[in-house]
Amino acid sequence: MHPASRPASSSTRPAISPNPRSQVNTQTKVLDTVHGRILCIADIRGRLSALNDLAREANAKAIIHTGDFGFFESNSLERINDRTLRHLTMYSPLIATAQRNHLLAPENTPATIRSTLNISLISEFPVLLSGQIKLQIPVYTVWGACEDVGILEKFRTGTYAIDNLHVLDEATTRCLDVGGVKLRLLGLGGALVPHKMFDNGDGNATIAGGQGTMWTTALQIGELVDTAQKVFDPTETRLLVTHASPGREGIIAQLGLVLKADLTISAGLHFRYASSYNEFSVQGDFEGFRHKLLAGKDGFDKVWDSVKTQVDTVIDEHQRILLDKALSVIERIPPAQGQAGAPPTATGEEPAWKNCWNWNLCDAAFGSLVLDIKEGRISAELKSQGFNYAYRRTATPSTVAHTPNSTISPLPNVATNPPTKGPTPAPAEKPASPLSKDVKSPLAAASPIVSGKETPKEGVSSLPQTKTNGTPTGPLSDKVEREKQKRRDKKDKKDKERAEREAKERDPAEEKADAGSSPSGKATPVPDELAKAPTPDVLEAGLKSPTTDSAGTRTPTSRRAYRQTWTLFVRLQASANETELRDFFGGEQSGIVRVNYPQTQQGRNQRLAYVEFGDEDAMKAGLEKNNEKINESPIEVKIATDKDERDRGGARGGGRGRGGRGGFAARGFAAAGLTGRGRGANVEARGSGETDKTGDAAA
């Protein structure tokens with residue numbers, strides 16, 4: 001019996017074969033001596049009928065697969081544990097989405113899933129085994145983390161054999177003669193789980209697995225090293241195929257060094273992109289590469305130190321040889337480079353650090369790698385489905401959660417840093433509403449301070465006009481900026497919830513009776529808790545709202561807010577409904593936010609309308625429709641004027657009192673979203689939160 005301490009190197013052992021099969025299972029396959037393409041994929045997950053289609057699309061002469069092939073048959077289901085069966089159900093490409101969602105519903109127990117599933121929903125392997133599916137080109141695969149170890153044992157003993165299917169394992173290797181290159185395939189299957197490397201589970205000899213999963217063993221690694229040493233040929237190019245990634249697992253990277261691999265291909269972590277790299281491209285320096293290997297060695301050492309006494313008492317002479325070779329892999333740490341100041345090529349640099357190339361593949365459903373081999377050169381074509389970013393084109397501040405560093409998050413040192421003189425981003429106050437015309441902006445009820453501005457002293461001039469992005473062009477006071485920042489935080493948290501509550505609580509009768517009381521033409525009910533709540537933001541800033549008859553849901557301003565400038569006034573000679581107006585301006589592409597018809601004593605006037613656009617460019621495009629025809633009659637289109645300008649022109653009704661309703665003309669413009677109630681001010685649509693009750697009491 002050999003001592004329990006780890007041998008320094010396998011070179012101290014006789015280089016005899018520990019393989020009970022006495023000879024390495026190796027064959028050379030001539031694909032095409034001039035030019036050939038090899039398709040490399042991962043995680044086909046039992047959808048084996050797709051292999052021929054994928055090969056045809058890639059014009060490939062062979063397929064290399066990196067695990068989770070779908071080695072299951074009918075009697076495998078009873079051996080799979082509940083957790084693994086649920087995992088297979090979740091990711092099987094053979095199960096329709098609706099059926100998958102039903103099976104994985106929380107109320108379904110593991111027993112329910114097990115009684116519903118059959119092998120046809122997990123893998124097409126039985127169909128392949130029976131010959132109903134035939135592989136058109138050679139397929140070379142290792143096993144993955146979710147396979148039935150019993151089936152792999154049948155392949156190893158010769159009980160199972162399928163034309164053109166080659167299972168690469170620690171004792172089976174293949175050489176492909178293609179495009180002027182002799183490509184040696186070496187394979188290692190299973191997940192790398194350090195604490196299971198000395199546990200065979202239900203497996204025999206060197207492979208291990210159980211309950212629907214498989215993992216790599218130390219003896220498996222040792223036998224792969226022995227096989228690679230036996231078939232070594234300096235004229236060949238070595239390709240290591242593994243399920244575990246050498247990019248993440250230091251032990252797999254060490255194995256690549258011992259096998260003198262030129263290329264490696266491994267399965268991924270179910271990402272939508274594949275990766276292509278060498279260690280030099282992803283490590284900061286050579287010590288970073290060594291650190292990964294040392295981390296793998298340390299993880300193995302912890303397990304080995306706890307089991308080596310038990311292992312020594314049960315292994316035989318053949319297994320001792322394999323174990324020594326596996327331990328030589330763990331000890332394979334490249335020496336550090338020379339002392340500080342030495343050139344990069346100093347003695348000690350591992351050639352694989354720059355020369356070994358690695359590919360980590362995404363699942364077969366999301367992409368593939370094609371090795372195009374011609375005249376001795378191996379070119380690579382990497383295809384990935386990738387992420388879908390189309391949703392961002394329609395994203396709005398109210399539907400997308402803001403990142404911590406977004407412009408509406410609290411800024412550090414607000415009290416001490418003076419505002420800049422340039423434009424200040426204020427996304428929460430963009431006039432364009434992200435909601436449909438039937439739902440008021442959630443910002444209208446997001447805070448007791450609803451105008452988005454602090455109450456200034458009398459005599460302060462109006463804010464400057466806005467740009468098309470809703471950002472004020474002039475400087476703002478420090479106090480205004482602080483107040484805005486506080487209110488934005490509250491609005492972002494509550495706007496969506498309150499918008500939904502508003503939609504449920506609206507009283508259609510009150511909306512019709514008070515259509516002119518809010519910019520949208522509809523009343524905005526305010527929850528009781530908001531009506532009674534104090535306004536802490538205003539109190540902290542030393543500001544107080546004047547005494548009014550309102551419920552405390554709005555702070556009137558004494559100066560005119562910057563107005564909405566993207567509304568067109570439309571005069572029709574023949575009546576047209578809202579749908580016809582929207583179609584006239586271009587339908588969904590026109591950028592229309594809202595269409596309002598002024599209220600009259602007889603009802604809505606179908607020959608006057610106010611059309612609000614989301615930005616200035618859209619409004620200008622609509623303005624070009626002036627004098628064109630709708631319903632066979634010409635239409636007059638011009639930019640709508642604000643309330644003050646109309647009053648100077650002789651409009652009846654002042655609206656100067658608190659919450660005053662104004663005259664007939666003023667109410668009509670209010671319905672269009674151009675005016676609001678306040679102390680002679682025109683309040684923008686998104687900032688108004690005044691309710692119908694407040695307006696009635698003031699009137």
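Residues numbered from 1 in each chain as written. Predicted model: local features only at pLDDT ≥ 70, side-chain atom pairs only at ≥ 80, totals over all residues. Heavy atoms only, no water.

Burial analysis of strand S16 (residues 567-572) places 5 of its 6 residues in the buried class, the great majority of the element. Pairing between S16 and strand S20 (residues 608-613): 5 bridges, direction antiparallel. For Val570, the partnering residue across the bridge sits in S20 and is Ala609. Of the pairings in the sheet, the one linking S16 to strand S22 (residues 633-639) comprises 5 bridges and is antiparallel in character. Bridged to Leu568 within S22 is Ile639. (Buried < 20%, exposed > 50% of the residue type's maximum accessible area, 1.4 Å probe, protein only. Helix = DSSP H or I, 4+ residues; strand = E, 2+ residues; numbered from the N terminus. Pairing = 2+ DSSP bridges.)

So, about the nonpolar core. Within the largest apolar cluster, 31 residues are counted, with the highest numbers of intra-cluster contacts made by Phe69, Phe71, Phe155 and Leu165. Setting aside residues no more than four positions away along its own chain, Phe71 makes contact with Phe125, Thr141, Glu147, Asp148, Ile151, Leu152, Phe155, Leu165 and Val167. Judged by nonpolar contacts, the second largest core, of 28 residues, contains Leu186, Leu259, Ala261 and Leu327. (Core = buried A, V, L, I, M, F, W, Y, C linked by side-chain atoms within 4.5 Å. Contact = heavy atoms within 4.5 Å.)

How two aromatic rings sit relative to each other is given by the distance of their centres and the angle of their planes. Inspection of every chain in the model, using the stated rule, returns 17 aromatic pairs. Pairing Phe125 with Tyr160 gives two aromatic rings, centres 6.3 Å apart and planes at 50 degrees, and the pair type is tilted. With Phe125 in helix H5 (residues 125-130) and Tyr160 in the loop between helix H6 (149-157) and strand S5 (165-167), this pair connects stretches of sequence that are 35 residues apart. Residues Phe125 and Tyr160 agree in their burial class; the two are buried. Counting every residue linked through ring pairs, the aromatic cluster contains Phe69, Phe71, Phe125, Phe155 and Tyr160. In this structure, Arg272 packs its charged tip against the face of Phe366, placed 3.8 Å from the ring centre. Between the NZ or CZ atom of Lys354 and the centre of the ring of Phe280, over which it lies, the distance is 4.8 Å. (Phe/Tyr/Trp six-rings, centres within 6.5 Å; stacked < 30°, edge-to-face > 60°. Lys NZ or Arg CZ within 6 Å of the ring centre and 35° of its normal.)

Attention now moves to the packing of helix H8 (residues 250-258) against helix H10 (residues 286-314). The packing of two helices is summarised by the inter-axis angle and the distance between the axes. It is at 7 Å that the axes of H8 and H10 come closest, and there the two elements cross at 110 degrees. Classified by the angle between their axes, H8 and H10 sit roughly perpendicular to one another. Handedness of the crossing formed by H8 with H10: left-handed. Residue-level contacts link Gly250, Ile251, Ala253, Gln254 and Leu257 of H8 to Phe289, Lys292, Leu293, Gly296, Lys297 and Phe300 of H10. Residues belonging to the contact of H8 with H10 are distributed by class as follows: 6 nonpolar, 3 polar and 2 charged. (Axes fitted to C-alpha atoms, helices over the stretch in contact; angles between N-to-C directions. Parallel < 35°, antiparallel > 145°, perpendicular 65-115°, else oblique. Left-handed = near helix turned anticlockwise from the far one by under 90°. Nonpolar A, V, L, I, M, F, W, Y, C, P; charged D, E, K, R; others polar.)

So, about the pattern of salt bridges. All told, the structure shown has 27 salt bridges when counted by the stated rule. Here Asp372 makes a salt bridge to Arg37, at a shortest N to O gap of 2.8 Å. Of this pair, Asp372 sits in strand S14 (residues 367-374) while Arg37 sits in strand S2 (residues 35-41), and the two are 335 residues apart along the sequence. Overall, the relative accessible area of 14% leaves Asp372 in the buried class. Look at Arg37 and you get buried, because its relative accessible area is 14%. Between Arg582 and Glu578 there is a salt bridge; the shortest N-O distance is 3.1 Å. Of this pair, Arg582 and Glu578 both sit in helix H17 (residues 578-584), 4 residues apart, roughly one helical turn. Each member of the pair, Arg582 as well as Glu578, is classed as buried. (Salt bridge = Lys/Arg side-chain N within 4 Å of Asp/Glu carboxyl O.)

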